[in-house]
Amino acid sequence: MAKNIVILTSFWFIIVLDIWGIGSLIVHFMKWVHSGIKKIRNKDVEKKEE
């Protein structure tokens, strides 16, 4: 029984770590995309001002 608990605990630990890792990757990607969109918008503004 104790062995099963250890397996389950480590299994959930891996899942939580995966979710956290993917989540932080998505957040990082969203920030990167957001800064990319800002740069593109700034370029458009510069073109309009010329």
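Since we're looking at a predicted model, the values are computed, not measured. (Residues numbered from 1 in each chain as written. Predicted model: local features only at pLDDT ≥ 70, side-chain atom pairs only at ≥ 80, totals over all residues. Heavy atoms only, no water.)

Q: Any chance you could explain the overall build of the protein here in plain terms?
A: When helices and strands are counted, the protein shows one helix and zero strands. Rg of the C-alpha trace for the protein: 22 Å, well past the compact-globule value of 10 Å for 50 residues, more than 25% over. Taken along the three principal axes of its C-alpha coordinates, the protein extends 75 × 5 × 5 Å. Burial statistics for the protein: of 50 residues in total, 0% are counted as buried. Summed over all atoms, the accessible surface of the protein reaches about 5200 Å², with 72% contributed by carbon and sulfur. The distance from the centre of the 8 positive side-chain charges to the centre of the 5 negative ones in the protein is 9 Å. (Helix = DSSP H or I, 4+ residues; strand = E, 2+ residues; numbered from the N terminus. Rg over C-alpha atoms; globule rule 2.2 N^0.38 Å. Buried < 20%, exposed > 50% of the residue type's maximum accessible area, 1.4 Å probe, protein only. Areas by Shrake-Rupley, 256 points an atom, 1.4 Å probe, with all protein chains shown as cover. Lys, Arg positive; Asp, Glu negative; His and termini not counted. Charge placed at Lys NZ, Arg CZ, Asp CG, Glu CD.)

Q: Would you mind going over a nonpolar patch on the surface with me for this structure?
A: Taken together, the side chains of Leu8, Phe11 and Trp12 define a hydrophobic patch exposed on the protein surface, amounting to about 370 Å² of accessible area. For Trp12, the location among the structural elements is in helix 1 (residues 2–49). Trp12 gets classed as exposed once you look at its relative accessible area, which sits at 53%. (Patch = residues over 30% accessible without salt bridge, like charges linked within 9 Å, V, L, I, M, F, W, Y side chains within 5 Å. Salt bridge = Lys/Arg side-chain N within 4 Å of Asp/Glu carboxyl O.)

Q: How do you make sense of the packing of aromatic side chains when you look at a structure like this?
A: Remark: the centre distance and the inter-plane angle together describe each pair of aromatic rings, the angle taken between the planes. In this structure the tally under the stated criterion is one aromatic pair. Ring centres 5.9 Å apart and planes at 35° place the aromatic pair Phe29 and Trp32 in the tilted group. Within this pair, Phe29 and its partner Trp32 are both found in helix 1, separated by three residues, close to a single helical turn. Given the relative accessible area of 58%, Trp32 is considered exposed. (Phe/Tyr/Trp six-rings, centres within 6.5 Å; stacked < 30°, edge-to-face > 60°.)

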